[in-house]
Amino acid sequence: MQENYFIRLSRMDLGQLIDGLCLREKSWRNTAIYLRDGYIPDDTFVCEECKSEYEAESIADHYKRLITDLQKQKKTQDSTNSNPERQLYLDGKSDGQLNLITRIEANWPNIQRYTTAQIRSELMRFTDDICDEN
């Protein structure tokens, strides 16, 4: 069974990650072109090390799948309230709600001194313990 990781990135960091993956995909696609057709696709071309054009295409396809998956997740989070930074993840989690309420009550003397933005940040820190890990 595939093991998934949930990683939080800022919008800028996610954009940089996707840009880097796009460059890697292009490099492998260019390697496949070079191995298949025998010409250098552009002036910045550096051939990747592989056994064949098929291996290069396979690696490029893997990068494309990663890029597509990240872009799809970003689009979903941009267009809905499913982004955990914008919506507390409490759907059907009564135990999670109770845990969150208990933690807020215990920390309320400190929390109430914060600005609205600081309160939101502190509350988001509390939500980490109630999110599913799978």
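Residues numbered from 1 in each chain as written. Predicted model: local features only at pLDDT ≥ 70, side-chain atom pairs only at ≥ 80, totals over all residues. Heavy atoms only, no water.

> Teacher, can you tell me more about the nonpolar core here?
The nonpolar side chains of a soluble globular protein tend to be buried, and buried together. Formed by Leu14, Ile18, Leu21, Trp28, Ala32, Ala56, Ala60, Tyr63 and Ile67, the largest nonpolar core amounts to nine residues. Here this core gets five residues from one element, more than from any other, and that element is helix H1 (residues 11-37). Excluding residues that lie within four positions of it along the chain, alanine 32 makes contacts with Glu53, Ala56 and Glu57. (Core = buried A, V, L, I, M, F, W, Y, C linked by side-chain atoms within 4.5 Å. Buried < 20%, exposed > 50% of the residue type's maximum accessible area, 1.4 Å probe, protein only. Helix = DSSP H or I, 4+ residues; strand = E, 2+ residues; numbered from the N terminus. Contact = heavy atoms within 4.5 Å.)

> Is there a simple way to think about the packing of aromatic side chains in this case?
Both the distance between ring centres and the angle between the ring planes are used here to describe each pair of aromatic rings. Under the counting rule described, the total for this entry stands at one aromatic pair. Both rings, one in tyrosine 34 and one in phenylalanine 45, keep their centres 5.5 Å apart while their planes meet at 40°; by these two values the pair is tilted. With tyrosine 34 in helix H1 and phenylalanine 45 in the loop between H1 and helix H2 (53-79), the pair connects residues that are eleven residues apart, well separated along the chain. Using a relative accessible area of 33% as the deciding quantity, one classes tyrosine 34 as partly exposed. For phenylalanine 45, a relative accessible area of 16% corresponds to the buried category. (Phe/Tyr/Trp six-rings, centres within 6.5 Å; stacked < 30°, edge-to-face > 60°.)

> It is not clear to me how the state of the cysteines should be interpreted in this structure. Could you clarify?
In a disulfide, the sulfur atoms of two cysteines are held together by a covalent bond. Tallied over the entire structure, the rule returns zero disulfides. Free cysteine: cysteine 47, not disulfide-bonded; nearest cysteine sulfur from cysteine 50 at 6.1 Å. By relative accessible area, which is 37% here, cysteine 47 ends up partly exposed. (Disulfide = S-S within 2.5 Å.)

> Explain the side chain of aspartate 42 to me, please; I cannot follow it from the model alone.
Here aspartate 42 shows up in the loop between H1 and H2. Among the polar contacts made by the side chain of aspartate 42, one reaches the side chain of asparagine 30 at a distance of 3.4 Å. Side-chain polar atoms of aspartate 42 contact the backbone nitrogen of phenylalanine 45, separated by 3.0 Å. With near-sequence residues (within four places) excluded, aspartate 42 lies in contact with Lys26 and Asn30. (Polar contact = N/O pair within 3.5 Å; in protein donor to acceptor, adjacent residues only side chain to side chain.)

> How should the pattern of salt bridges be read in this particular structure?
Side chains that differ in sign of charge can pair as their charged atoms come close. A complete count under the given rule lists ten salt bridges for this structure. With a closest N to O distance of 2.8 Å, arginine 24 and glutamate 48 form a salt bridge. With arginine 24 in helix H1 and glutamate 48 in the loop between H1 and H2, the pair connects residues that are 24 residues apart, well separated along the chain. Looking at arginine 24, the relative accessible area reads 31%, which means it is partly exposed. Exposure remark for glutamate 48: the relative accessible area of 19% places this residue in the buried category. Measuring nitrogen to oxygen at the nearest pair gives 3.6 Å for the salt bridge that ties aspartate 42 to lysine 26. Here aspartate 42 is found in the loop between H1 and H2, whereas its partner lysine 26 is found in helix H1, with 16 residues between them in sequence. Residue classification places lysine 26 among the partly exposed residues on the basis of a relative accessible area of 45%. Salt bridges sharing partners connect three or more residues here, namely Glu25, Arg29, Arg36, Asp37, Glu53, Glu57 and Asp61. (Salt bridge = Lys/Arg side-chain N within 4 Å of Asp/Glu carboxyl O.)

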